[in-house]
Amino acid sequence: MRIAVIGGGPAGLYFSILMKRDFPQARITVVERNRPDDTFGFGVVFSDATLDTFQAADEPSYRAITESFAYWDDIAIVAKGQEHRIGGNGFCGCSRRTLLMLLSDRARALGVELEYRREASPEDFPDADLIVAADGINSPIRERFRDHFAPEVDLRPNRFTWMGSTRPFDAFTFFFKERPEGIFIAHCYQYEAGASTWVLETDPDTFDRAGLGSMNESESAAYLEDVFAEELQGHRLITNRSMWRQFPTITCGRWVKDNMVLLGDAKASAHFSIGSGTKLAMEDAIGLHKAFLAGGDVPACLHRYETDRREDVEKTQHAAGVSLVWFEHVKRFWGFSPTRFAFGVMTRSKAITWDNLALRAPEFVAETQRAVAEEAQAAGLPADPRKPPMFQPFALRGMQLANRVVVSPMCMYSAPEGVPGDFHVAHYGARAMGGAGLLFTEMTCVSPTARITPGCAGLWNDEQQAAWTRIVSLAHATSQAKFCLQFGHAGRKGATRLMWEGMDKPLTEGAWPILSASAIPYYPESQVPRAMTRADMDQVKADFVAATQRAIACGFDMLELHCAHGYLLASFLSPLTNARDDEYGGSVENRLRYPLEIFAAMREVWPAEKPMSVRISATDWAEGGLTDEDCLSIARAFAAAGADLMDVSTGQTVADASPTYGRMFQLPWSDMIRNEAGIATLCVGNITSADQVNTIVAANRADLVALARPHLTNPSFTLHAAAQYGVKDIACPPQYLWGKDALLRNAAKDQAELRDLKLKARPRSHKPEAASLPRAAE
């Protein structure tokens, strides 16, 4: 084979090493535009798990790296006058220049041809079987063929610069420093004796107030030395092309063109806040090498590489993206206690969670647990510092919840003529007895023409009221769960089939006329709704008020107004579904007018001591839809009108939306509303475990956590979680107490065995003098 590698960074060099080692007859040339000892930046970071990967890939280069690194086990978070040190992390720092020298020496020893100070293009290698474009984040090759590679660049708003210092560190350290101009962040780590990296970051407003945009390198360094004078401990900042930049998150639709492949930052970048750029590049090299080891011609190998590697790259980019957004909004969390702020730093990317930290840093988790309980106690609640966050109480007006777990509203489509039947008695009764603090009904409709489907539950007549009263009485008699009734009106998504017969598809017969903010159908084939007149608005408002009065008679503890998912009230809120030219259309204030009318009318008749919540779609996942500013305006307006809680969902507004799913994927909007609008939030969306519930609550990203699918198959989700964490006083019907006792006994043994298994599965420490010390898995 004839292989040309354009770019002599870690990705290109490491790939050439692996290929030349295993295909010694191949002629491999690496061409680099810079000198061999040029490097921009200071140190790079690898975790123990990454070092395991390097050791398996190439033992000699692994040994060379580990003989030249600085190792640490702790992460230190210094903020608001306190330092928190969290152990069990296992990272090393290595000089970027040293890494390049080690890799180039290894490549040269194997017979790779290295050429420096030469610009190269694919045409320079007409006889090459394979051309690897490892030419960096600004890749000229990617840009030259951008129509094919389809790159997208998301230029993030925060400004950052890379500098260095001679100050030593024994931990990866985050400094958060508040100044009159704003908050400055330093990401610091030692990478060799007497040398440390300082990545300095701030938001655009602080950057402008500080005047950093008009400063040169030395002026910026002098300014930052003043900001971090205490933290530098008398050391100076060192510059090396330390210009202020915005981080570009790069993705590519394709990585391969003919016999050419993108590698490293050329095809995908990951933010420095999770220390993954060089790791990602070198793991790309391992993936491409494995694709060739598997056999086949060049096109087959390149296809295999892109197919097999893309998912891991996208996962890393997603984690990096979540992490960088946390740093972009650090002001949102600045009011937290130092302990809960530090917990938020540690769990920002969702890769590290409550259970994970409990293994690696039990003292820090215990401190966080106490902090959550103390804040609940300060609010006058009977909190217990021995319990994890999900089992701390929470109150809304006069309603007190035993824990933070919520059974999410889930439509069952099983109520003929809107009447809940025996299925609903069993469904809600089981989930009420399962231990959750709060239980939601499915969306319950306020009139026959407000239904989504013929199977939707309602509350507009006496028969329905009697059925709901029976269910509420059962829940109250057999559990401590509080019960919330969710009211809604389907609007333009009404008169559709049962979910399992074609979700949101129009009925083929028996349809009723439907209403919306504007005469825009959901699907092209959907029924066209009538744009609401003032008379329609008055009638629908009267329906909501009448249903609210019935809800009082049923004995519900709480009421929620559904203003999400493209239903009637959501259709007023979103600019994608509201094309009105009257006082109910146009600005967000106008679009809010009618939903607020409904809410105010319900709040007026609903008992003052009982809370109300509002479910919203915080984003439409579609161009031209709701913005974050709209979302905050909506939340603040409902809070001012008397809402106690925002139930934060997203999407389902338009049929052609493009949501980005993932673990806890709607959490960022709950976080934003809670910590910027200042109203309690309920988060929902692919939350599946007690571990995630604890993480969310401890990090102050939501006050309550709703789970849907887990409760479908395990009504006693919360009871099982209580056993997992040793919480013995969770409510349980007396008929089931023997089962609860057995569950608690068995769970203690199961958790001990699970902990042992996790510890055995941990990545080993790569610190030579501590290689045998036990440490927790990531």
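All values derive from a computational prediction rather than experimental measurement. (Residues numbered from 1 in each chain as written. Predicted model: local features only at pLDDT ≥ 70, side-chain atom pairs only at ≥ 80, totals over all residues. Heavy atoms only, no water.)

Student: An account of helix 13 (residues 338-346) is requested, with residue identities and associated values reported.
Tutor: The buried fraction of helix 13 amounts to eight of the nine residues, a majority that puts the element mostly inside the structure. Buried within helix 13 are the following residues: Thr-339, Arg-340, Phe-341, Ala-342, Phe-343, Gly-344, Val-345 and Met-346. (Buried < 20%, exposed > 50% of the residue type's maximum accessible area, 1.4 Å probe, protein only. Helix = DSSP H or I, 4+ residues; strand = E, 2+ residues; numbered from the N terminus.)

Student: Report on a nonpolar patch on the surface, specifying residues and quantitative values.
Tutor: Residues Met-499, Trp-500 and Met-503 make up a contiguous nonpolar surface patch of about 330 Å² in total accessible area. Mapping Met-499 onto the fold places it in helix 18 (residues 499-502). (Patch = residues over 30% accessible without salt bridge, like charges linked within 9 Å, V, L, I, M, F, W, Y side chains within 5 Å. Areas by Shrake-Rupley, 256 points an atom, 1.4 Å probe, with all protein chains shown as cover. Salt bridge = Lys/Arg side-chain N within 4 Å of Asp/Glu carboxyl O.)

Student: Outline the packing of helix 21 (residues 588-605) against helix 22 (residues 628-640), supporting the account with residue identities and numerical values.
Tutor: The interhelical angle for the contact between helix 21 and helix 22, taken along N-to-C directions, is 30°, at an axis separation of 10 Å. Of the two possible hands of crossing, helix 21 and helix 22 adopt the one that is right-handed. Contact with helix 21, carried on its side by Val-588, Arg-591, Leu-592, Pro-595, Leu-596 and Phe-599, involves Asp-630, Ser-633, Ile-634, Ala-637 and Phe-638 of helix 22 and no other residues of that element. The class makeup of the residues in the contact of helix 21 with helix 22 is eight nonpolar, one polar and two charged. (Axes fitted to C-alpha atoms, helices over the stretch in contact; angles between N-to-C directions. Left-handed = near helix turned anticlockwise from the far one by under 90°. Contact = heavy atoms within 4.5 Å. Nonpolar A, V, L, I, M, F, W, Y, C, P; charged D, E, K, R; others polar.)

Student: So what about the sheet that holds strand 3 (residues 43-47)? Which residues, and what values?
Tutor: Here three strands make up an open sheet; going across it, the order is 3-7-4 and the pairing antiparallel. The open sheet terminates on both sides in strands that have one partner only, identified here as strand 3 and strand 4 (70-72). With direction set aside, neighbouring strand axes in the sheet form an average angle of 25°. As defined by bridge partners, strand 3 adjoins strand 7 (residues 91-95) across five bridges and the pair is classed as antiparallel. Across the sheet, the residue bridging to Ser-47 is Phe-91, located in strand 7. (Pairing = 2+ DSSP bridges.)

Student: How would you explain the nonpolar core if you had to name every residue and give the values?
Tutor: Considering soluble globular proteins, one finds that nonpolar side chains tend to be buried as a cluster. If you look at the biggest cluster of nonpolar residues, it comprises 95 residues, and the most contacted ones within it are Phe-487, Phe-544, Phe-556, Tyr-594, Phe-638, Met-646 and Ile-673. Aside from chain neighbours lying at most four places away, what touches Phe-556 is Thr-441, Trp-468, Val-472, Phe-483, Cys-484, Leu-485, Ala-551, Trp-606 and Lys-610. Membership of the second largest hydrophobic core comes to 68 residues, among which are Phe-69, Ile-131, Leu-288 and Val-298. (Core = buried A, V, L, I, M, F, W, Y, C linked by side-chain atoms within 4.5 Å.)

Student: Any chance you could break down the sheet that holds strand 1 (residues 2-6) for me, citing the residues and the numbers?
Tutor: Sheet architecture is open: six strands sit in the order 8-2-1-9-17-16, paired in mixed fashion. Each edge of the open sheet is held by one strand with a lone partner, namely strand 8 (113-116) and strand 16 (256-257). As defined by bridge partners, strand 9 (residues 130-133) adjoins strand 17 (residues 260-262) across three bridges and the pair is classed as parallel. Looking across to strand 17, one finds that Val-132 is bridged to Val-261. The sheet strands contacting helix 11 (residues 298-328) are strand 9, strand 16 and strand 17, and the helix crosses strand 17 at an angle near 15°.

Student: Tell me what's going on with the side chain of Ser-349, and back it up with residues and numbers.
Tutor: Among the secondary structure elements, Ser-349 is positioned in the loop between helix 13 and helix 14 (354-360). Using a relative accessible area of 10% as the deciding quantity, one classes Ser-349 as buried. Those residues in contact with Ser-349, other than ones at most four positions away along the chain, are Ile-274, Ala-319, Val-322 and Ser-323.

Student: Which residues make up the packing of aromatic side chains, and what values go with them?
Tutor: Counted according to the given criterion, the structure contains 41 aromatic pairs. Through successive ring pairs, a cluster of aromatic residues spans Trp-72, Phe-172, Phe-174, Phe-176, Tyr-189, Trp-326, Phe-327, Phe-333, Trp-334, Phe-336 and Phe-341. Between Arg-179 and the ring centre of Tyr-223, over which it is positioned, the NZ or CZ distance is 5.6 Å. (Phe/Tyr/Trp six-rings, centres within 6.5 Å; stacked < 30°, edge-to-face > 60°. Lys NZ or Arg CZ within 6 Å of the ring centre and 35° of its normal.)

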